[in-house]
Amino acid sequence: MGRELCSTGSFTRLRKSLNKMVMKVNEAISKSRIGKYFKLEARKSSFTKEFRAGTATFLTMAYIITVNASVLTDSGGTCSVSDCTFPANQTRATPDCMLKPNEGYEKCISKMRSDLIVATALASMIGSFAMGLLANLPLGLAPGMGPNAYLAYNLVGFHGSGKMSYQTVMAIFLVEGCAFLAIAVFGLRGRIARFIPQPVRLACAAGIGLFIAFVGLQAHQGVGLVGPDPSTLLTLTACSSTNPVTGECTGGKMQSPTFWLSSVGFIIMCYGLMKEIKGSMIYGILFVTLVSWFRNTAVTIFPNTPTGNSSYEYFKKVVDFHKIESTAGAINFSHFNNGEVWVALLTLLYIDVLATTGTLYTMAEIGGFVNEEGEFEGEYIAYMVDAGSTIVASTLGVSPIATFVESSAGIKEGGRTGLTAIIVGFYFLLSLFFTPLIASVPPWAIGPSLVMVGVLMMKVVKDIDWNNIKDAVPAFVTMVLMPLTYSISNGIIGGIGVYIALSLYDSMVCWVKWLMRMRKMVVKEQNQVSAATADQNIEIV
């Protein structure tokens, strides 16, 4: 009994001494140049709070490193027909080699995915550091979901099957970043956002969420729950084996081991989010990944094949700094005389303006930074940081940078200054040295996170007035066209078109009423003139 009391007292004394030491460290940092620069005392924060907030934010958004790289890799990136291997009886590779299993092309894809992992982490690090140092806001930045899917499945297409090259799209991202920077400098971002009808603006985020979830459910992204069907276009799959060219089911449905493993990962994410556990999406990805790292299993990512053995040898390095070789500087302006390029540019600019504006204001409101005039400290710089980070990201070969809503996790932990963003950037810096591990995350671990991202992006539909047909129909058209036509721009254009069509009646009524008022005024003036003339004639008589 005495020993227990002694140990309890020792533990209490140890805890008190640690608390005192932490308080001294916090006080010293708050009064230092760093503390004064980040305004720790003014914003009623401390270094330990900011550190805890930065850790929470990184845990909730770290999934973007693998997810963004996987989505962009689906486009084939800078890999081309020249990377394909071909049989000895052929003089050169045929274009369809990029859509069929091909050892040479798959090696190029694997190498490019490692490049994109490093580029994603590096761009996120630069963006987060800049947001913390220049804007002094506790916001984490990274390539946003939406533009990357637009690149991979609309513009470049799966393994280069689209109308544009990866290099052309990177040039579009660069121009879009410069345009957004100009918009931010002149303070035009809010005015541009207001040109888009509100129901379409709200539905855009939900539509992109559905689109991303649809991608995550398909076979090439890992989950494989849905796939093509010659009769119904789309059907339930999760097959034990599929046709490598068409993707059609050749084995038993709902018998894919990787599908059931990814389902467990999805449930882990759901339970974690239900209980508000920080980093829930990462935990789901980690569980599926760790199970998939065991060789000689039905779900292994390292099968006994030349490609699998090569991947396993790279994985065993654990720590390795991978240089960006294929995607850095992959920019080409030669196709800017094509009208489709400018449509894509305007679409991306619209998405970036809306997403950044909405997310920044939402995060500022959660943090209590917004004043009575609807402004917050660091707002002007924050928009320029976002645009500048997008320019840097395009030169590295990744999609535009955006402020992540996951920053709210850090704000809820007490993050109030740019130190939170600095710590997020530091974690991204550390991830640069673990490329072999990050590159070995299987696609069936990433698929569930894409579905979960879709779930989280559906929240905005509650703000749509579904009782008002004029708002409800354009919003629905925007949301449904994005996944069903496999095009984000089609959804936006369709929603705006329907809204304009439904607004014609009200516009015509307004014009008719205005014309009638003008006619009454003219008639009234004529009557007054006639009456005045009559009075003058009477006086003369």
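An account of the accompanying structure is given in this report.

Here is what the cut-offs are and how they apply
- Residues numbered from 1 in each chain as written.
- Predicted model: local features only at pLDDT ≥ 70, side-chain atom pairs only at ≥ 80, totals over all residues.
- Heavy atoms only, no water.
- Disulfide = S-S within 2.5 Å.
- Helix = DSSP H or I, 4+ residues; strand = E, 2+ residues; numbered from the N terminus.
- Buried < 20%, exposed > 50% of the residue type's maximum accessible area, 1.4 Å probe, protein only.
- Patch = residues over 30% accessible without salt bridge, like charges linked within 9 Å, V, L, I, M, F, W, Y side chains within 5 Å.
- Areas by Shrake-Rupley, 256 points an atom, 1.4 Å probe, with all protein chains shown as cover.
- Salt bridge = Lys/Arg side-chain N within 4 Å of Asp/Glu carboxyl O.
- Axes fitted to C-alpha atoms, helices over the stretch in contact; angles between N-to-C directions.
- Parallel < 35°, antiparallel > 145°, perpendicular 65-115°, else oblique.
- Left-handed = near helix turned anticlockwise from the far one by under 90°.
- Contact = heavy atoms within 4.5 Å.
- Nonpolar A, V, L, I, M, F, W, Y, C, P; charged D, E, K, R; others polar.
- Core = buried A, V, L, I, M, F, W, Y, C linked by side-chain atoms within 4.5 Å.
- Expected span 1.5 Å × (residues − 1).
- Polar contact = N/O pair within 3.5 Å; in protein donor to acceptor, adjacent residues only side chain to side chain.

1. A short note on the state of the cysteines
What is meant by a disulfide is a covalent connection between two cysteines, made through their sulfur atoms.
Okay, so step 1: According to the stated counting rule, one finds 2 disulfides in the structure shown.
Okay, so step 2: Cys79 shares a disulfide with Cys108; S-S distance 2.0 Å. Where Cys79 bonds to Cys108 through sulfur, the torsion about that S-S bond is close to -100°, and the disulfide is left-handed. Of this pair, Cys79 sits in the loop between helix 4 (64-73) and helix 5 (103-135) while Cys108 sits in helix 5; the two residues are 29 residues apart in sequence, bridging distant segments of the chain.
Okay, so step 3: The class of Cys79 is buried, set by a relative accessible area of 7%.
Okay, so step 4: Two residues share a disulfide in this structure: Cys84 and Cys97, whose sulfurs sit 2.1 Å from each other. Sign of the S-S torsion, about 80° for the bond between Cys84 and Cys97, identifies this disulfide as right-handed. You can see Cys84 sitting in the loop between helix 4 and helix 5 and its partner Cys97 sitting in the loop between helix 4 and helix 5, a full 13 residues away along the chain.

2. What about a nonpolar patch on the surface?
Okay, so step 1: Taken together, the side chains of Tyr37, Leu133, Leu134, Val185, Phe186, Leu188, Tyr380 and Ile381 make up a nonpolar region of the molecular surface, amounting to roughly 760 Å² of accessible area.
Okay, so step 2: At the level of elements, helix 5 and helix 14 (379-396) are the ones that each hand at least two residues to the nonpolar patch.
Okay, so step 3: Among the secondary structure elements, Leu188 is positioned in the loop between helix 7 (166-185) and helix 8 (189-195).

3. Things to note about the packing of helix 4 against helix 6 (residues 147-155)
Between two packed helices, both the angle of their axes relative to each other and the distance between the axes serve to describe the pair.
Okay, so step 1: In contact at an axis separation of 8 Å, helix 4 and helix 6 are set at 25° when each is read in the N-to-C sense. The angle between the axes of helix 4 and helix 6 places the two elements in the roughly parallel class. With respect to the hand of their crossing, helix 4 and helix 6 are arranged in left-handed fashion. On helix 6, the residues that touch Asn68, Val71 and Leu72 of helix 4 are Asn148, Ala149, Leu151, Ala152 and Tyr153.
Okay, so step 2: Residue classes in the contact of helix 4 with helix 6 are distributed as 6 nonpolar, 2 polar and no charged.

4. A few points about the nonpolar core
Okay, so step 1: Ranked by size, the top nonpolar core spans 100 residues in total, and within it Tyr63, Met131, Leu137, Leu151, Ile172, Phe428 and Leu450 carry the most contacts.
Okay, so step 2: The greatest single-element share of this core, amounting to 14 residues, is contributed by helix 5.
Okay, so step 3: Counting residues in hydrophobic clusters, the runner-up holds 7 residues, among them Ile183, Leu349, Val353 and Tyr383.

5. Section: helix 19 (residues 469-484)
Okay, so step 1: With 16 residues, helix 19 ought to run about 22 Å at 1.5 Å a step, and its terminal C-alpha atoms sit 22 Å apart, in line with that.
Okay, so step 2: Measuring from the backbone nitrogen of Lys470 back to the side-chain oxygen at the start of helix 19 gives 3.1 Å, which picks out Asn468 as the cap.
Okay, so step 3: Phi for Tyr486, located one or two positions after helix 19, is positive at around 55°.

6. Structural notes on the pattern of salt bridges
Okay, so step 1: According to the stated counting rule, one finds 6 salt bridges in the structure shown.
Okay, so step 2: Across the salt bridge formed by Lys111 and Glu325, the nearest N and O atoms sit 2.8 Å from each other. Here Lys111, found in helix 5, pairs with Glu325, found in the loop between helix 12 (306-315) and helix 13 (339-367); they are 214 residues apart in sequence, far enough to count as distant.
Okay, so step 3: According to the relative accessible area criterion, Lys111 is partly exposed, its value standing at 42%.

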